Amino acid sequence: MFAKTLLLSTLAATAAAQTYNQTYATGLLQFLENNGFSSLANAITTSIDSPGTINLLNNVNGTSKTLLAPTNSAFNGLAANATSNSTLLGDRLSYHLLSGSFPGSAFATSPSHTIARTYLNDSSLVTLEGNKTQAIAFTIDGGATRVLNQNTVVTITNTTSYENLLIQVVDAVIDTPGTITAAFNTWKLTALPTVLDQLNFTDALEAAHGVTIFAPNDQALANAASALQGANETQIATVVANHVINGTTVYSPILGQGSYTSAAGQGYSFSTNSSGTFVTSGSATARVVQADVIVKNGVIHVIDAVLFNNNTNPAAASSAYAAYTSTAGQNSQQTGAVAGPTPTETGPIGGNNNAAISIRMVDQSAVLSAVAVVAGALSGAALLI
C-alpha cells in the first residue's frame with residue numbers, strides 16, 4: 001500500500017506540468033502494481049520527469065498500443081547504472097511501447113521477422129530518416145516469440161491487457177539499439193570495419209540519417225580476397241559503396257518492395273526461396289544470413305558474400321538520395337508492423353551530418369592487408385577442425 005501511495009502521489013505532483021492523461025496514467029500504475037509489475041511501475045515513477053517517460057505516458061492511451069512489460073525479476077537482473085540515470089531509463093522505457101496492437105498472431109516465424117515502431121525518439125539515441133521513432137524486431141523461434149538484437153535472450157512469456165493497451169510480458173528489460181560500430185562488434189565482423197575505416201566510410205555511415213548496410217561477414221571477405229587483389233583503389237571503394245543504401249532504412253519485410261539504389265548508384269534485386277533471402281547487385285549475389293540488426297540510424301543485414309559490383313553511376317546515386325530526402329520533414333507515427341512504404345515515401349533528417357556518402361581513394365594495401373589477416377585466421381581455424 002505504501003508503494004502504491006508513493007507512486008500515485010509522485011504522479012500527481014508532476015502531472016500538472018505534463019500533457020498526459022493523469023487519470024489513465026494513475027489507473028495504469030495501479031494495474032501494474034496490482035498485477036505483478038511493481039518494478040515497472042516504480043521505474044515509470046522514478047523517471048517520471050524524463051523526456052522518454054513523458055513521451056510514453058503522452059502516447060500510451062487512446063488508440064491501440066502494445067506495452068512490452070518486463071517482470072519484476074527482469075528488473076532485479078539490471079545493473080545499478082541502468083536505473084540510476086532517469087533520462088536513460090525513460091528512453092529505455094519508451095522503447096517498450098509499440099505503436100499498434102501486436103498479439104501473438106502478429107509475429108512472423110523464423111527466419112521471417114516482424115518489425116514494429118516504438119516510441120523511442122531521443123535524438124541522442126535515434127537518428128533515422130524523417131525523424132522516425134526507433135524500430136524493434138521480433139520472430140517466433142522454436143515456438144517462443146523473441147525480441148531480436150538483445151544482449152540476453154528476451155522472450156514474451158504471457159499476455160494481458162489494460163483498456164486500449166495490449167500488454168506482452170517479457171522476461172528481460174529490452175536494450176535500445178547502439179551504433180553501427182557496436183553492432184559490428186556484437187556480430188563479430190572484424191574485417192569490414194577495417195575496410196570502412198580505410199575508406200573513411202565509418203564516420204559517414206554513423207552520421208547518416210537512415211542507412212541500410214549489406215555487411216559481408218569475415219568469411220565472405222576472405223573468399224573475395226583474390227578479386228579484391230585485382231581491383232584498383234577506386235574499384236574497391238565502389239564495391240563497398242554498393243553495399244550501402246544511403247538515406248532510407250530497409251528492414252527485411254520490405255526488401256524487394258520498391259526500387260532501391262546504392263550509394264554508388266547501382267540498383268538491387270531481391271529474391272526469397274527455401275534457402276533464404278538473397279540480394280543481387282550487378283552480377284553478384286549474396287544470401288542474407290542475419291537480417292534486421294537494428295542500429296541507432298538504420299539497419300544492417302549480414303550477408304555471406306561480397307557484392308563485387310565495381311560499376312558506379314553518380315547521377316543515379318544523387319537522384320536516389322534526393323528522392324529519399326525529399327519528404328524528410330513529413331513524418332507520422334507508423335501504426336502496426338512495418339510493411340513497406342516505397343523509398344520515395346521515406347527520407348532522412350536534413351542537415352550537415354546527412355550529406356551523401358562519397359567515394360574516395362583508398363589505401364589499397366591496407367584494405368588487402370586487413371582482408372588477408374582475416375583470410376589467414378579463417379584458414380588456420382579451418383585446418384584445426
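What counts and what doesn't
What you see as residue numbers is a count from 1 along each chain, following the sequence as written. Confidence filtering applies because this is a predicted model: local features only for residues at pLDDT of at least 70, side-chain atom pairs given and counted only at 80 or more, and all residues used for totals across whole chains, interfaces and linings. Only hydrogens and water are removed before side-chain values are computed, so all heavy atoms of the structure are retained for them. By definition, two strands form a pair when at least two bridges between them are found by DSSP. By definition, any uninterrupted DSSP run of H or I lasting at least four residues is a helix, any uninterrupted run of E lasting at least two residues is a strand, and each is numbered from the N terminus. Orientation is described by lines fitted to C-alpha atoms, with helices fitted over the stretch in contact, and by angles between N-to-C directions that extend from 0 to 180 degrees. Between 30 and 60 degrees the pair is tilted, below 30 it is stacked and above 60 it is edge-to-face, where a pair is any two Phe, Tyr or Trp rings, Trp via its six-membered ring, whose centres lie within 6.5 Å. Partly exposed describes any residue whose relative accessible area lies between the buried limit of under 20% and the exposed limit of over 50%, with all areas from a 1.4 Å probe on protein chains only and scaled to the type maximum. Buried Ala, Val, Leu, Ile, Met, Phe, Trp, Tyr and Cys residues form a nonpolar core when they are joined through side-chain atoms within 4.5 Å. Here a polar contact is recorded for every N or O atom pair within 3.5 Å, except that within protein the pair must consist of a potential hydrogen donor and a potential acceptor, and residues adjacent in sequence are included only if both atoms are side-chain atoms. Working rule for contacts: check all heavy atoms of both residues, and any pair within 4.5 Å makes them a contact. When residues are grouped by polarity, Ala, Val, Leu, Ile, Met, Phe, Trp, Tyr, Cys and Pro land in nonpolar, Asp, Glu, Lys and Arg in charged, and all others, Gly among them, in polar.

S.K.: Is there a simple way to think about the sheet that holds strand β11 (residues 276–281) in this case?
M.R.: Picture the strands of a sheet paired through backbone hydrogen bonds; they go either parallel or antiparallel. Spatial ordering of the open sheet is given by β9-β8-β13-β12-β11-β10, a layout of six strands whose pairing is mixed. Either end of the sheet is taken by a strand with one partner, and the two such strands are β9 (244–246) and β10 (269–273). Strand-to-strand twist in this sheet, taken as the mean axis angle between neighbours without regard to direction, amounts to 30°. Sheet topology note: the strand β12 (residues 284–295)/strand β13 (residues 298–303) ladder contains five bridges and is antiparallel. What sits directly across from glutamine 290, in β13, is valine 302.

S.K.: For this particular structure, what's the right way to read the packing of aromatic side chains?
M.R.: To describe a pair of aromatic rings, one takes the distance between the centres and the angle between the planes. A complete count under the given rule lists seven aromatic pairs for this structure. Seen from their ring centres, phenylalanine 214 and tyrosine 268 are 5.3 Å apart, and the 45° between their planes marks the pair as tilted. Highlighted residues: phenylalanine 214 in strand β8 (residues 211–216) and tyrosine 268 in the loop between β9 and β10, separated in sequence by 54 residues. Judged by relative accessible area, phenylalanine 214 falls into the buried class, the value being 1%. Every member of this aromatic cluster is reached through a ring pair, and the members are Tyr24, Phe31 and Tyr162.

S.K.: Explanation requested: the sheet that holds strand β7 (residues 165–170) in the structure shown.
M.R.: Read from one edge to the other, the open sheet built from seven strands follows the order β2-β1-β7-β6-β5-β4-β3, with strand pairing classed as mixed. Across the chains shown, the open sheet's two edge strands, defined by having one partner strand only, are β2 (97–99) and β3 (114–117). Ignoring strand direction, the axes of neighbouring strands in this sheet form an average angle of 35°. Pairing of strand β5 (residues 144–147) with strand β6 (residues 154–162), which is carried by two bridges, proceeds in the antiparallel orientation. Bridging across to β6, valine 147 finds its partner in valine 154.

S.K.: Could you clarify how one ought to interpret the nonpolar core in this entry?
M.R.: Grouped together as the largest cluster of nonpolar side chains are 32 residues, with contacts concentrated most on Ile180, Phe184, Leu205 and Ile300. Contributions of two or more residues to this core are made by α8 (180–186), α9 (191–198), β8, α13 (233–241), β12 and β13. No other element matches α13, which puts five residues into this core. Ranked by size, the runner-up nonpolar core spans 29 residues in total, among them Ala25, Leu32, Ile48 and Ala69.

S.K.: Hey, could you run me through the side chain of threonine 118 in this one?
M.R.: By secondary structure assignment, the location of threonine 118 is in the loop between β3 and β4 (135–141). Classification of threonine 118 as buried rests on a relative accessible area of 0%. A polar contact of 3.2 Å, which involves the side chain of threonine 118, links it to the backbone nitrogen of leucine 120. At 2.9 Å, the side chain of threonine 118 forms a polar contact with the backbone oxygen of glutamine 134.

S.K.: Please clarify how the packing of helix α2 (residues 22–34) against helix α3 (residues 38–46) should be interpreted in this entry.
M.R.: Packed helices, taken two at a time, are described by the angle their axes make and the gap between the axes. Put simply, α2 and α3 touch, their axes get as near as 7 Å, and they point 145° apart. Here Leu29, Leu32 and Glu33 of α2 come into contact with α3, specifically with Ser38, Leu40, Ala41, Ile44 and Thr45. In terms of residue class, the contact of α2 with α3 is made up of five nonpolar, two polar and one charged.

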